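So you can see what is in the structure, the chains are spelled out below.
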Amino acid sequence: MFRNQYDTDVTTWSPAGRLFQVEYAMEAVKQGSAAIGLRSKTHVVLACVNKANSELSSHQRKIFKVDDHIGVAIAGLTADGRVLSRYMRSECINYGYTYESPLPVGRLVVQLADKAQVCTQRSWKRPYGVGLLVAGLDESGAHLYYNCPSGNYFEYQAFAIGSRSQAAKTYLERKFEKFPESSRDDLVKDALFAIRETLQGEKLTSTVCTVAVIGVGEVFNILDQKTVQSLINEFEISGEEAPTNESAAEQSGGDAGGAAPDQGGAAAEEEAAPMDI
Amino acid sequence: MPKEHANWSPYDNNGGTCVAIAGADYCVIAADTRMSTGYSILTRDYSKICKLADKSYMASSGFQADVKALQKVLSSRHLIYQHQHNKQMSCPAMAQLLSNTLYYKRFFPYYAFNVLGGLDSEGKGCVFTYDAVGSYERVGYSAQGSGATLITPFLDNQLKSPSPLLLPAKDAVTPLSEAEAVDLVKTCFSSATERDIYTGDSVEIIILNANGVRRETEQLRKD
């Protein structure tokens, strides 16, 4: 009832202690097309759904290389994502120039989060309308982070954002326990399965998705269409289903909770205030 | 009151010689590895050559601290270019960037004498030679540094290229083969080492061609 009175600008609190503009920004992320990320001890895979507006137009780029050891997938206002990617690239270049070593991923996501927070506390700004899945490799291992418009960030074993991401999250929740020991190729396959879940029956081809990998001995690179299509063909020809039955048998204790083993909570529930996580 | 001269200089000369030769389908970039100050040797094993892009290598003599700073600036600018254009910079593009970077500090210059070598978009060898503030020219071959005055006349004589001093400028790319050019470079450095005290120890040679990049080292006199 009070939502409309307190949502005009980002610097106005609601009586319930919520900033509606920030929550609306998180909505924008949910409306964007899906992006997923998952990691093992040595590799991180990012994948996203890339639907072109019409047959005549090109696909929108949702995965960006930030540095040899960091990449990002976005969901939401892609223009905001592009600008933030440029910021991330610039930070990596400057850090590399000063310290002659790669910027640790954890530092970059904190800087990103602080940048997002600024936009939640200035009356002349608006929050960024994009969620970022940051995949990176540094001395402390392989990392996957999610940065949201609120200025919060979380580390994940696997995560999905954007429209119909719940389907992918359900799949990832079933499989995430075996990810740390997965091989690179299995990880890519799982990513494609997760993307397929978000397509809800539509055919999965390399024209609708993009996959990128970063890992030990492999700089961040976006897989080309041919490679992705041949991987898709492999598991579709072999009739491999996203193993629903097998993992149900594996699971002894029922739900393994959210897709977040390290820190932070599960993905945003629709009704609860997202900042509670 | 007559003006006093500073007893401190922001610059030092670390000596050394750099050479680059362009061929029809290759490019040779070479520099000695001796780093000196005054009449002393700081190290016998210092590389003056830097890979700026897949097809652009820069060799610089002069004040190595400024050279290092210049190399870092250019490498970072190349990264930005790659992010924006999704491809590597071509050698002529890098040549212009180097010139602009040097002139940017026109009133407190990089004390660096550069030779940029690489392959152009047609696969032909290209060499660009610079002064400290960015004046540059595409040439068929060039030498910079303390041994340049000893090497340049020798190259003029031996490379069988049309003279680069002719007007209108004729393409001075050498008709020599890659192996002959590499051999010539080694001879240049051996000769320069004899008479120039700042050149010696060893020479690092980079050869760029359609197959990729190759690196050779040749020992020189250590005295």
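Residues numbered from 1 in each chain as written. Chains lettered and ligands numbered in written order. Predicted model: local features only at pLDDT ≥ 70, side-chain atom pairs only at ≥ 80, totals over all residues. Heavy atoms only, no water.

S.K.: I'm lost on the overall build of chain B in this one. Help?
M.R.: Secondary structure summary: chain B contains four helices and 12 strands in total. The C-alpha atoms of chain B give a radius of gyration of 17 Å, which matches the 17 Å a tight globule of 223 residues would have. Dimensions along the principal axes, computed over C-alpha positions, put chain B at roughly 60 × 45 × 35 Å. Relative to its full complement of 223 residues, chain B shows a buried share of 49%. Contacts in chain B between residues far apart in sequence, at least 24 positions, make up 62% of those at least 6 positions apart. About 11,300 Å² of surface is accessible on chain B, with carbon and sulfur atoms providing 53% of the total. Taking the 22 positively charged and 23 negatively charged side chains of chain B as two groups, their mean positions are separated by 4 Å. (Helix = DSSP H or I, 4+ residues; strand = E, 2+ residues; numbered from the N terminus. Rg over C-alpha atoms; globule rule 2.2 N^0.38 Å. Buried < 20%, exposed > 50% of the residue type's maximum accessible area, 1.4 Å probe, protein only. Contact = heavy atoms within 4.5 Å. Areas by Shrake-Rupley, 256 points an atom, 1.4 Å probe, with all protein chains shown as cover. Lys, Arg positive; Asp, Glu negative; His and termini not counted. Charge placed at Lys NZ, Arg CZ, Asp CG, Glu CD.)

S.K.: Hey, could you run me through unusual backbone geometry in this one?
M.R.: With omega at 0°, the peptide bond leading from L167 of chain B into P168 of chain B counts as cis. When you line up the elements, P168 of chain B lands in the loop between α3 (148-158) and α4 (178-195). A positive phi angle is found at E100 of chain A, which is not glycine, with a value near 50°. Inspection of the secondary structure assignment puts E100 of chain A in the loop between α2 (78-99) and α3 (105-118). Take E100 of chain A: its relative accessible area is 55%, and that puts it in the exposed class. Even without a glycine there, the phi angle at D201 of chain B is positive, about 70°. For D201 of chain B, the location among the structural elements is in the loop between α4 and β11 (202-209).

S.K.: Any chance you could explain the sheet that holds strand β3 (residues 63-67) of chain A here in plain terms?
M.R.: Strand pairing in a sheet is mediated by backbone hydrogen bonds. Such pairs are either parallel or antiparallel. Residues and elements named next belong to chain A. An order of β3-β4-β5-β6-β7 is seen for the five strands of this open sheet, with the pairing classed as antiparallel. Looking at the sheet topology across the chains shown, the edges are occupied by β3 and β7 (153-155). The sheet shows a mean angle of 25° between the axes of neighbouring strands, taken without regard to direction. When strand β5 (residues 130-138) meets strand β6 (residues 141-147), the two strands line up antiparallel, connected through seven bridges. Within β6, the residue paired with G136 across the bridge is H143. Its contacts with the sheet place helix α1 (residues 20-31) against β4 (70-76), β5 and β6, and it is angled at close to 100° to β4. Sheet strands in contact with α3 are β3, β4, β5, β6 and β7, and its direction is about 160° off that of β5. (Pairing = 2+ DSSP bridges. Axes fitted to C-alpha atoms, helices over the stretch in contact; angles between N-to-C directions.)

S.K.: I would appreciate a short explanation of the UniProt feature "domain: Proteasome alpha-type subunits" (unreviewed entry) in chain A in the present structure.
M.R.: If you check UniProt for "domain: Proteasome alpha-type subunits" (unreviewed entry), the listed places come out as residues 6-28 of chain A in our numbering. A helix fraction of 39% and a strand fraction of 0% characterise residues 6-28 of chain A, whose end C-alpha atoms lie 19 Å from each other. (UniProt positions renumbered as here; feature names shortened; annotations may be inferred.)

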